[in-house]
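Structural description and commentary
One letter stands for each residue in the lines below.
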Amino acid sequence: MQYNFNEIEAKWQKHWAENQTFKAENNSDKEKFYVLDMFPYPSGAGLHVGHPLGYIASDIYARYKRHKGFNVLHPQGYDSFGLPAEQYAIQTGQHPAITTAENIKTYRRQLDQIGFSFDWSREVRTSDPKYYKWTQWIFIQLFNSWYNIDSDKAEEIEALISKFSSDGNANVKAVCDDDILKFSAADWNAFSSKEKQAILLKYRLTFLAETEVNWCPALGTVLANDEIINGVSERGSHAVVRKKMTQWSMRITAYAQRLLDGLQTIDWPQPLKDSQTNWIGRSQGASVTFYTVTASTGENKHAIEVFTTRPDTIFGVSFMTLAPEHELVAKITTPEQKEEVEAYIEATAKRSERERMADVKTISGAFTGAYAEHPFSKKPIPIWIGDYVLAGYGTGAVMSVPCGDQRDWNFAKHFGITQAMPAIPNIFEGVDISEEAFADKEKTIIANSDFLNGLPYKKAVKTAIYELEKLQQGKGKINYRLRDAVFSRQRYWGEPFPVYYVDGMPQMIAPEHLPIKLPEVEKYLPTETGEPPLGNAKVWAWCTEKNEVVPNSEINHTCTFPLELNTMPGWAGSSQYFNRYMDPENSDEIFSKEAINYWQDVDLYIGGSEHATGHLLYSRFWQKFMFDRGFVPKDEFAKKLINQGMITGTSAFVYREEGSGRVISKGLTAGKKVVPIHADVSLVNSSDELDIEGFKNWQSDYKNAEFVLEDGKYIVGREVEKMSKSKYNVVNPDTIVADYGADSLRLYEMFLGPLEQSKPWNTAGISGVHGFLKKLWKLYFDDEGSKVTDAASSAENLKTLHKTIKKVEEDIANFSFNTSVSTFMICVNELTAQKCTSRLVLEPLAILVSPYAPHIAEELWNKLGYSQSISTVPFPTFEPKYLVESSKEYPISFNGKMKFTVKLSLDLSKEDIEAAVMAHEKTKQQLQGREPKKVIVVPGKIVNIVG
RNA sequence: GCUCGAGUGGUGGAAUUGGUAGACACGUUGGACUUAAAAUCCAAUGGACAUUAGUCCGUAUGGGUUCAAGUCCCAUCUCGAGUACCA
């Protein structure tokens, strides 16, 4: 009987689908286990071999947990809103929903043929109105919440309103906009409805704000910082400019500290935690207020607030620097300096992000002519502007301490010739600052600083803050780099907001009327007036009487109002999808209490590290919000997370000689001017030899090109790059599944190397795992049929089996799937050599292999006489008694170098071992009469003879 | 620049708390079977020297700790990922 993988795999995939083998129940006596993959964006290119890597790993884990008796939730779905489908729609006019549905079909077919144990009955698609109804619902919950600093959590806005009407806002401590005026209860009650709404908007967790955004004219959309790579859009590499816009924003900053603290409670990779920590960017210091001094005219003093991590260096301040965009610049600049300052501001505004990044060495700035007063010495300090100070961080102003900060030092040196720039004062004891600033805060004490003299860093910080507080010119402060997240996108293919506008004020549509479905539009581009694509919709108004979307022509601003034209960003749909899987068909609630209380949270989440500061941070934010409001029982959504590494492609290159146009084999290119050109990897064999005819047919430009060969062959160059269509290095899983089977693909992807490591794809080695599956098959069958007997298993058989059980369980616990594949190979090699046919060994072996190669395992199980699926059969139990050894091959080392081994009983004492080894003939030979200085004996491990 | 990770045969990689470096595969070479090929099976395979026995050298580089270092410490180099003037 042959191992016919195509037939077997099709048979079992059909069986699993028909019997809903992997359907998870929301109530069970079994313990729950939730294994989650990052759901894919269904792109038009389909899956390549890199995509399934994480899915195979999580599938092995999920299947293993089923064998261990858990009720496993292992869902899959699609993150199906996104820019590519929209861009395709713009180009072709094809509705993104159609493209998306087609792509999903391809993905589903490709996923199915790999034999994943997904519970497809729970599939979600973020672009499905049944799903995004709940994304809209969460948005409404955020809108109806504010962050109470006293209780340190989000609370209902109703509670805030009743506080306002009874006490005003004086005692409310909230995370909110910072331009809120104080009002009493009487004031509040006297406000108009619109005034009240405007004030509440400053408190809500999702709110409208005028924000400076990254505007990409080519895409007609705003991009998040993490969607911009090297100053251009991640997708399409279009130019990006800064622009002010009214946007929906999410008050993620309210959660900055809790997002940091929560990292301590979850088992996520350290590099990922580090990158979230850096992204949140907590820094502890002080805010200090400086007042401008005005010359004779006696104008108003202006307050300039700065944030500093070094209040201890307050006496080292020799000038101040404001961001060119700082609002005070225009107010304080003197008439004499006006021209220079304005010229500088204009020049900075012109510099694109890209230019600023490419050129960080250039120091530029301008003097405003204004001075501030030092809070303690009362001396005047010149106020400069410079683009090294960022408007978006801190207060957009810094107190410059050139002796303690290199950028301030550079700035002061650069402008040292102007009269406005004072000489650099040194406030550090015994430190030379003539060549560079001294930023090491621990290694000195403060000098030339009045009451701070002689104090080390920590004490000086405390004292400085204490004195600033006395003057009411400063206080200790914690600053975060994290900024509120912009939540509006000027796109078509995203979730519409459940928002309409009455008199310019946003109103939420009541949850019972959700979902608000995306309207049809003729064009997917922004409108000619610069409005988002939904501005093209003809039926996009909200009637408050009918409670439905009606044609725009009915807008009368009394009962029918315009709807929001922006849509939500990509991360909206992915920030709670893991909870929706728990109860995806529920149309009354986002999920039932029973479902969320049963499943609780994700036990294992596998996905790429590129989501570290996007999806994974936003999801944690929404989860904490959902927790505060009592919707979920856990404030972290995933206990454990594993980052799978990227599978890179091995690109192939041919070399075209400049001038002649000849295509030269790699070995002959030395000393010639050649341009490397990507060749499709399918045209190259495993010895790097190019199929020249194939290449000519593929690239007709080279139809008549002359190919210069070495030894009669054209050898291509190889380079490891990210797998991508444009690099012609994509390997499709379909052909591998057709040629070797899904089980081979699964084993091979695991066998390639550690899960978390990135590694190049190379199909050459797949014959190894395929050969293993054939050998496995042959343990059970020969040409006549089944070989399995009821014969007793030998001690040797059992030793092999239990060694394997032990190792595989350890490997799964460590996500070390590559080594368990090796272990299986060793096991099968040994059992083959032992001619093992015992059912007592071969049955457990089939179960062991089942999580990794489920199709062959099902078939073997079936042929062993069982009618049920192998998928929930208990995992074999490791029994140490089969591995007990009575003796050991001791490695005998001389001065740490292993020379030979001696087989000795493990019962021997240290002294016995030493005596046995010393008496050994080879020992005498090694020592050649010398007397050893020392003999190290580690029973069970090693003997080392020194001397 | 900063943060994190990694450097082991021709290749992918293994070595769980310091204790036999190179498991398991791929590739290569030789052999068996075959008219031939595929498939399958057997043997060899880190390098150098040595007919055999064996000797020496080997985990990016240079030091160190230790009876013993791929593993621990210090310094350096290279590569990868993230981040971008964060006051």
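Structure's up top.
Residues numbered from 1 in each chain as written. Chains lettered and ligands numbered in written order. Predicted model: local features only at pLDDT ≥ 70, side-chain atom pairs only at ≥ 80, totals over all residues. Heavy atoms only, no water.

Observations concerning the overall build of chain A
Defined as follows: A run of H or I in DSSP becomes a helix once it reaches four residues, and a run of E becomes a strand once it reaches two; helices and strands are each numbered from the N terminus. The rule is simple: take the accessible area with a 1.4 Å probe, protein chains only, and divide by the maximum for that residue type; under 20% is buried, over 50% is exposed, in between is partly exposed. Any pair of residues with heavy atoms lying within 4.5 Å of one another is described as a contacting pair. Every accessible area reported is derived by Shrake-Rupley at a probe size of 1.4 Å, with residue values counting cover from the shown protein chains alone. Only four residue types enter the charge count: Lys and Arg as positive, Asp and Glu as negative, with His and the chain ends excluded. Throughout, a charge is located at the NZ atom of Lys, the CZ atom of Arg, the CG atom of Asp or the CD atom of Glu.
Per the secondary structure count, chain A includes 28 helices and 37 strands. For chain A, the C-alpha atoms occupy an extent of roughly 105 × 85 × 75 Å along the three principal directions. Residues classed as buried in chain A amount to 53% of the 947 residues present. Taking the contacts inside chain A whose residues are at least 6 apart along the sequence as the reference set, 71% of them involve residues at least 24 apart. By element, 49% of the accessible surface of chain A is carried by carbon and sulfur atoms, the whole surface being about 43100 Å². Across chain A, the centroid of the 106 positively charged side chains sits 4 Å from that of the 122 negatively charged ones.

Digging into the environment of glutamine 419
Considering the arrangement of structural elements, one finds glutamine 419 in the loop between α14 (406–414) and α15 (457–470). With 37 residues separating them along the chain, glutamine 419 and proline 382 place their C-alpha atoms 9.9 Å apart.

Things to note about the protein's contact with RNA strand B
Which entries qualify depends on this criterion: Working definition: residue near molecule or strand if any one of its non-hydrogen atoms lies within 4 Å of it. By the criterion applied in these results, polar contacts are pairs of N or O atoms within 3.5 Å in which, for protein atoms, one can donate a hydrogen and the other can accept it, and in which residues neighboring in sequence qualify only through two side-chain atoms. As a working rule, the residues Ala, Val, Leu, Ile, Met, Phe, Trp, Tyr, Cys and Pro are called nonpolar, Asp, Glu, Lys and Arg charged, and the rest polar, with Gly in that last group.
Close to RNA strand B lie 50 residues; Thr309, Tyr393, Arg407, Leu752 and Asn829 are nearest. Separating a sugar or linking oxygen of RNA strand B from a backbone N or O atom of tyrosine 388 is a distance of 3.2 Å. In the environment of RNA strand B, a phosphate oxygen lies 2.9 Å from a nitrogen or oxygen atom belonging to the side chain of glutamine 757. Top contributing element to the surface near RNA strand B by residue count: helix α24 (residues 817–833), with six residues. Residues of the surface near RNA strand B, tallied by class, amount to 19 nonpolar, 16 polar and 15 charged.

Brief notes about helix α22 (residues 766–780)
Two residues of an α-helix separated by three or four positions point the same way, owing to the 3.6 residues in each turn. Counted only if it meets this: Expected helix span is given by 1.5 Å per residue-to-residue step, counting one fewer step than there are residues. This arc is built from the directions going out from the helix axis to the C-beta atoms.
Helix length check: α22, at 15 residues, gives a terminal C-alpha distance of 22 Å against a target of 21 Å (1.5 Å per residue), a fit within 8%. Those residues of α22 that sit buried are Ile766, Val769, His770, Phe772, Leu773, Leu776, Trp777, Leu779 and Tyr780. Relative to the axis of α22, the buried residues are bounded by an arc of 165° and lie together on one face.

Things to note about the sheet that holds strand β37 (residues 942–946)
Note the following rule: If DSSP finds at least two bridges between two strands, the strands pair. Each axis is a line fitted through C-alpha atoms, taken for helices only over the stretch in contact, and angles between the N-to-C directions span 0 to 180 degrees.
Read from one edge to the other, the open sheet built from four strands follows the order β35-β34-β37-β36, with strand pairing classed as mixed. Both edges of this open sheet fall to β35 (897–905) and β36 (934–938), since each of them pairs with a single strand only. Put simply, the sheet's adjacent strands are angled 20° from each other on average, direction ignored. Bridging between strand β34 (residues 887–894) and β37 involves three bridges; their strand directions are parallel. For isoleucine 892, the partnering residue across the bridge sits in β37 and is valine 943. In the packing of helix α27 (residues 910–918) onto the sheet, contacts are made with β34, β35, β36 and β37, and the angle to β36 comes to roughly 125°.

Remarks on the sheet that holds strand β1 (residues 32–37)
Spatially, four strands are ordered β2-β1-β24-β25 in an open sheet, and the strand pairing comes out parallel. If you trace the sheet from one side to the other, it starts and ends with β2 (71–73) and β25 (641–643), each paired once. Each neighbouring strand pair of the sheet contributes to a mean axis angle of 15°, computed without reference to strand direction. As defined by bridge partners, strand β24 (residues 604–607) adjoins β25 across three bridges and the pair is classed as parallel. Within the sheet, the bridge partner assigned to glycine 607 lies in β25 and is asparagine 643.

A look at the environment of glycine 896
In this structure, glycine 896 sits in the loop between β34 and β35. Take glycine 896: its relative accessible area is 52%, and that puts it in the exposed class. A sequence separation of 637 residues divides glycine 896 from leucine 259, and the C-alpha atoms of the two residues are 50 Å apart.

Some thoughts on the pattern of salt bridges
Opposite charge on two side chains permits them to pair, given that their charged atoms come into close proximity. Our working rule: For salt bridges, the criterion is a side-chain nitrogen of Lys or Arg within 4 Å of an Asp or Glu carboxyl oxygen.
Scanning the entire structure with this criterion turns up 39 salt bridges. Lysine 881 serves as the salt-bridge partner of glutamate 879, at 3.3 Å between the closest nitrogen and oxygen. Classification of lysine 881 as exposed rests on a relative accessible area of 55%. One network of salt bridges, in which partners are shared, links Lys32, Asp601, Asp603, Lys634 and Lys639.

Some thoughts on the pairing of strand β14 (residues 366–373)
Regular strands place side chains that alternate from one sheet face to the opposite one. The buried count for β14 comes to six of eight residues, which makes it a mostly enclosed element. The pairing of strand β11 (residues 282–293) with β14 spans three bridges and is antiparallel. Following the sheet pairing, tyrosine 291 is matched in β14 by glutamate 373. From the end of β14 to the start of strand β15 (residues 380–385), which pair antiparallel, there are six residues, and lysine 378 there has a positive phi angle of about 65°.

Focus on helix α21 (residues 742–751)
Most of α21 is tucked away, with nine of its ten residues classed as buried. Every buried residue of α21 is accounted for by Ala742, Asp743, Ser744, Leu745, Arg746, Leu747, Tyr748, Glu749 and Met750.

Brief notes about the pairing of strand β3 (residues 145–148)
The alternating pattern of β3 places Ser145 and Tyr147 and Trp146 and Asn148 on opposite faces, both of which are buried. Judged from the four bridges that link them, β3 and strand β4 (residues 153–156) form a sheet pairing that is antiparallel. When the bridges of β4 are listed, asparagine 148 appears paired with lysine 153. Hairpin geometry of β3 and β4 is characterised by an intervening segment of four residues between the two adjacent antiparallel strands and by a positive phi of about 55° at aspartate 152. Strand direction decides the pairing type here: β3 and strand β5 (residues 174–175), joined by two bridges, are antiparallel. Within β5, the residue paired with tyrosine 147 across the bridge is valine 175.

Considerations on the packing of aromatic side chains
The condition that has to hold: Ring geometry is summarised as follows: Phe, Tyr and Trp rings, the Trp one being its six-membered ring, pair when their centres sit within 6.5 Å, and such pairs are stacked at plane angles under 30 degrees, edge-to-face over 60 and tilted between the two. A ring has a charge above it when a Lys NZ or an Arg CZ is no more than 6 Å from the ring centre and no more than 35 degrees off the ring normal.
Under the criterion given, the structure shown has 67 aromatic pairs. For the ring pair phenylalanine 183 and tryptophan 188, a centre distance of 5.6 Å and an interplane angle of 25° mean the geometry is stacked. Both residues of the pair, phenylalanine 183 and tryptophan 188, count as buried. With a centroid separation of 4.0 Å and an interplanar angle of 15°, the aromatic rings of phenylalanine 578 and phenylalanine 637 are classed as stacked. Residue phenylalanine 578 is located in helix α16 (residues 577–580), and its partner phenylalanine 637 is located in the loop between α18 (615–628) and β25; the two are separated by 59 residues in the primary sequence. Accessibility classification places phenylalanine 578 together with phenylalanine 637 in one group, the buried group. Site record: aromatic cluster; members linked through ring pairs are Phe33, Tyr61, Tyr64, Phe70, Phe815, Phe817, Phe824, Tyr852 and Phe875. Stacked on the ring of tryptophan 268, the Lys or Arg arginine 620 has its end atom at 6.0 Å from the ring centre.

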